[in-house]
Amino acid sequence: MPALAAPGSAAMSSEGGQAQPARPFHFAVIGHPFRAVADENVLRRTITEANQDKPAFIVATGIKAQTEACSDRLYAQRRDILDGSPRPLVLAPAGSDWAGCRNSAGRSNAIERLSRIREVFFPDSQSLGVRRMPLSRQSANVKFRSYAENAYWEQGGVLFATMNVPDNNNHYLPEAGRNSEYEDRLVANRAWLHRLFLMAQRREGLVLFTDGDIKAHVDEGFSLLSGFSAKQDGYAPIRKQVRAFAEKYKGKVLLVDSKGDAKPTITWHGNIGRLGVASEWETVRVQPGTASLFSLKDSDTP
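What you see is a predicted model, and the numbers here were worked out from it, not measured in a lab.

Cut-offs applied
- Residues numbered from 1 in each chain as written.
- Predicted model: local features only at pLDDT ≥ 70, side-chain atom pairs only at ≥ 80, totals over all residues.
- Heavy atoms only, no water.
- Helix = DSSP H or I, 4+ residues; strand = E, 2+ residues; numbered from the N terminus.
- Buried < 20%, exposed > 50% of the residue type's maximum accessible area, 1.4 Å probe, protein only.
- Contact = heavy atoms within 4.5 Å.
- Areas by Shrake-Rupley, 256 points an atom, 1.4 Å probe, with all protein chains shown as cover.
- Phe/Tyr/Trp six-rings, centres within 6.5 Å; stacked < 30°, edge-to-face > 60°.
- Pairing = 2+ DSSP bridges.
- 1 Å grid on protein atoms, 1.4 Å probe; cavity = no way out; pocket = protein on both sides within 12 Å on 5 of 7 lines; lining within 4 Å.
- Points joined across faces, edges and corners; volume = space filled by probe spheres on them.
- Nonpolar A, V, L, I, M, F, W, Y, C, P; charged D, E, K, R; others polar.
- Polar contact = N/O pair within 3.5 Å; in protein donor to acceptor, adjacent residues only side chain to side chain.

1. Re the overall build of the chain
Moving on, step 1. Along its length, the chain carries five helices and 12 strands.
Moving on, step 2. Per-residue burial for the chain yields a buried fraction of 51% across its 302 residues.
Moving on, step 3. Look at the contacts in the chain between residues 6 or more apart in sequence, and 69% of them connect residues 24 or more apart.
Moving on, step 4. Accessible area for the chain stands at about 14,200 Å²; split by element, carbon and sulfur atoms hold 51% of it.

2. Observations regarding the packing of aromatic side chains
Moving on, step 1. One pass over the full model with this rule turns up 14 aromatic pairs.
Moving on, step 2. Ring centres of Trp-153 and Phe-160 lie 6.0 Å apart, and the angle between their planes is 15°; on these two criteria the pair is classed as stacked. Residues Trp-153 and Phe-160 agree in their burial class; the two are buried.
Moving on, step 3. Ring plane angle 90° and centroid distance 6.1 Å describe the contact between Phe-197 and Tyr-249, whose orientation is recorded as edge-to-face.

3. Let's talk about the pairing of strand β10 (residues 272–276)
Moving on, step 1. Where burial is concerned, most of β10 is hidden: five out of the five residues are buried.
Moving on, step 2. In β10, alternate side chains face the same way, and those of Ile-272, Arg-274 and Gly-276 on one face and Gly-273 and Leu-275 on the other are all buried.
Moving on, step 3. In the sheet, strand β8 (residues 252–257) pairs with β10 via five bridges, with the strands oriented parallel. Across the sheet, the residue bridging to Leu-254 is Gly-273, located in β10.
Moving on, step 4. Sheet topology note: the strand β9 (residues 266–269)/β10 ladder contains four bridges and is antiparallel. Its bridge partner being in β10, Trp-268 is matched across the sheet by Gly-273.
Moving on, step 5. Taking the residues between adjacent antiparallel strands as the criterion, β9 and β10 are bridged by two residues, where Gly-270 takes a positive phi near 65°.

4. Points about empty space enclosed by the protein
Moving on, step 1. For the coordinates displayed, the defined rule picks out two cavities of 30 Å³ or more.
Moving on, step 2. A volume near 40 Å³ is recorded for the largest cavity.
Moving on, step 3. Lining the largest cavity are Leu-89, Val-90, Leu-91, Phe-121, Phe-122, Gln-126, Ser-127, Leu-128, Leu-135 and Arg-137.
Moving on, step 4. In terms of residues, the lining of the largest cavity owes the most to one element, strand β3 (residues 89–92), which gives three residues.
Moving on, step 5. For the lining of the largest cavity, the per-class residue count stands at seven nonpolar, two polar and one charged.
Moving on, step 6. Approximately 30 Å³ is the volume attributed to the second largest cavity.
Moving on, step 7. Every residue lining the second largest cavity is listed: Thr-210, Gly-212, Asp-213, Ile-214, Leu-255, Asp-257 and Arg-274.

5. What about the pairing of strand β6 (residues 158–162)?
Moving on, step 1. When you tally the buried positions in β6, you get five out of five residues, the bulk of the element.
Moving on, step 2. Neither face of β6 is exposed, since Val-158, Phe-160 and Thr-162 on one face and Leu-159 and Ala-161 on the opposite face are all buried.
Moving on, step 3. Bridge count between strand β5 (residues 151–155) and β6: four bridges; the pairing is antiparallel. Counted as the bridge partner of Glu-154 is Leu-159 from β6.
Moving on, step 4. Where β5 hands over to β6, the hairpin turn is made up of two residues, of which Gly-156 adopts a positive phi near 55°.

6. What to know about the sheet that holds β10
Moving on, step 1. With mixed pairing, the seven strands of this open sheet are ordered in space as β4-β5-β6-β7-β8-β10-β9. Edge positions in the open sheet fall to β4 (136–137) and β9, since each of these has one partner strand only.
Moving on, step 2. With two bridges connecting them, β4 and β5 associate as antiparallel partners. Pairing of Arg-137 across the sheet is with Ala-151, part of β5.

7. Looking at the side chain of Glu-154
Moving on, step 1. Mapped onto the elements of the fold, Glu-154 is located in strand β5.
Moving on, step 2. Of note is the side chain of Glu-154, whose polar atom sits 2.9 Å from the side chain of Arg-203.

This is the structure we're talking about:
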């Protein structure tokens, strides 16, 4: 993809003169439609409604309910639904898609199912949808070739990215011994965040989509994970890194997750904002060159 101009600067036109600053645009976010019920008709309806708003792209979280089978057949069916979106659609996997999966013997099958999801939903450097959008995947780096679900793309001077952070305490398992899946993914996610914030330095904003709420926008004095000690907080390393990078970043960081609120709002703490979206969908406006940069379509923000 072509490099974007630095925040506040004008891009060069194809004739060599200065073009107008990036124009406002909007994108849609679908929360986890299977959090309450295993009804794929909800997913179909939500995709249809989100497309009616003609967003630049759609980001959806999750493909199945915790109670549904972790089968290849179900994965293929859900991919067909997502792929039918008229607009480009990017998937951010949810913990219920893989972390809770078990085999016929009742043992965890999470790692194998996550590998299968990567094969089915992230086979190349394109989004899903009838109109596809080019993506850059972390799997292009040979060191992290398994992590195809982590992807980034650019629009209007803003960097957008997905990162696999499931809504089950980041799949941190408290058993004794090495927590291999969590630890390996933590290494990949740390490298991913480092790369994203490095790229975002010349852009107005960074939007990061995850399943779980890492609570980087919450004061440290708040009880971040009820019932768990600080040692068992699976989000702590990622939260610490996001805050450290954001402190040195001149732009805005918007964190979007599937822990939806009754009436979704963007909550800000310094330059870190958080938007939680449940099973329905929300449209987010992006207005480059403005102080707010991000706002919900139905808000009063101009």
